[in-house]
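Residue strings, one per chain:
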Amino acid sequence: MSQTHLSPDHYATQLAPKVEQFKHDFAAFGLPEPAVFESAPLHYRMRAEFRMWHHGERVDYAMWEADNPKQPVLLQDFPTASAAICEAMPVLRDAVIASPELKRKLFQVNFLSTLSGEMLITLIYHRKLDEAWESAARELAAKMQVMLIGRSHKQKIVLERDWVLEAFEVDGRPLRYQQIEGSFSQPNGGMNRQMLGWACQQAKGLGGDLLELYCGNGNFTVALAPHFERVLATEVSKSSVRAAAYNLEANGVTNVAFARLSSDEMSDALARVRPFRRLKDIDLDSYRFSTLFVDPPRSGLDDTTLKMAAGFDRILYISCNPQTLRDNVEALQATHRIDAAAVFDQFPYTHHLECGLLLSRKA
């Protein structure tokens, strides 16, 4: 994405055709008027990754244009990033230039910021890090009041901790989330709050038990859990499951159980195709699932999971790919209708559009 296209004055203009395309693509399925959630036009990304470009005595942040991947574009700022990242960028760059230990063979810098004010910076090198590097890094972390990690091949030095604690409110309820370095977290913090708020509005009054697939660090799990009697959430990443367990405790959520299963494994478990040792402490027969919540990867739901989804009264679906969402809705149209829809402009000034649907079983 070229930074020359980042203009708050043109924000509404760039969003309108994406919304219209979404309406057009889903018109055949009786799409209700979608709720449209706008992003902040600038400073919306809570994460940013940059190559560090060495030229002479100087080091600068660099990215590449999609149509010219061999020519680096040197950056003095990055207005899509959060204000905290933008403020940290020149301070970090100048400190690196002034310190031979921090500068030598520095390859990449990753920033992870939060709405709560915490920040984690990862410095990635093409060399082994030693005590001299650690001393310089600790001085930098103290100066910038951030957490800092050093990485190189088969090496990871954590100066304080390798996660940040995010905190914000959704519908007046304070939420806290552990976000681990290197693991997925929603990149647009303000949009994430709106997505959670919309999902909770759809869940109000549904009751029963919830099955959630692809729960990650429990981002939606924590927000949705109070609207259901019990929740069974699945995730395959061990680090994400650990973060999710932390987040449940941090938010006082007690009605959620985790199963480290993929979506197709969960489908097999519900169909009693085969037993799973990872479910030995979970009594599947005791659940009365009324709602399925999914936030799948860009590929959408596979055929096995779609067959399972068809058996639920309601499907609350968050998608990062409208095309695969459309394919999934088409596969479910014999059994389900669209009751509510939303679009979330997670990545302004790009073709990307996040969207949400509430599907209900046809009478």
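Here's what I pulled together on the structure shown here.

Conventions used here
Residues numbered from 1 in each chain as written. Predicted model: local features only at pLDDT ≥ 70, side-chain atom pairs only at ≥ 80, totals over all residues. Heavy atoms only, no water. Phe/Tyr/Trp six-rings, centres within 6.5 Å; stacked < 30°, edge-to-face > 60°. Helix = DSSP H or I, 4+ residues; strand = E, 2+ residues; numbered from the N terminus. Buried < 20%, exposed > 50% of the residue type's maximum accessible area, 1.4 Å probe, protein only. Lys NZ or Arg CZ within 6 Å of the ring centre and 35° of its normal. Pairing = 2+ DSSP bridges. Axes fitted to C-alpha atoms, helices over the stretch in contact; angles between N-to-C directions. Contact = heavy atoms within 4.5 Å. Core = buried A, V, L, I, M, F, W, Y, C linked by side-chain atoms within 4.5 Å.

Some thoughts on the packing of aromatic side chains
Per the stated rule, a full pass over the model turns up 16 aromatic pairs. Between F50 and F78 the ring centres are 5.3 Å apart and the planes differ by 90°, which places this aromatic pair in the edge-to-face class. Remark: F78 occurs in the loop between β4 (68-75) and α2 (83-98) and F50 occurs in strand β2 (residues 47-55); sequence separation between them is 28 residues. The class of F50 is buried, set by a relative accessible area of 2%. Judged by its relative accessible area of 9%, F78 is buried. The ring of W163 carries R161 above its face, with NZ or CZ at 4.3 Å from the centroid. The residue whose ring lies beneath R230 is Y287, and the NZ or CZ to ring-centre distance is 3.9 Å.

Re the sheet that holds strand β6 (residues 119-125)
Spatial strand order, β4-β3-β2-β5-β6-β7-β8: 7 strands in an open sheet with mixed pairing. Looking at the sheet topology across the chains shown, the edges are occupied by β4 and β8 (155-158). Taking the axes of each pair of neighbouring strands and ignoring which way they run, one obtains an average angle of 30° across the sheet. Sheet contacts for α2: β2, β3 (58-65), β5 (106-113) and β6; angle to β3, the most-contacted strand, approximately 135°. Across the sheet, helix α4 (residues 131-144) lies against β6, β7 (147-152) and β8, angled at about 150° from β7, the strand it touches most.

Focus: the nonpolar core
Grouped together as the largest cluster of nonpolar side chains are 41 residues, with contacts concentrated most on L292, I315 and L357. Residue contributions to this core peak at 5 residues, all from helix α1 (residues 11-26). Excluding its chain neighbours within four sequence positions, the residues that come into contact with L357 are F22, F26, L31, W198, I315, L316, Y317, L325, V329, I338, A340 and A341. Of all hydrophobic cores here, the second largest spans 34 residues; its members include A48, F50, A137 and L148.

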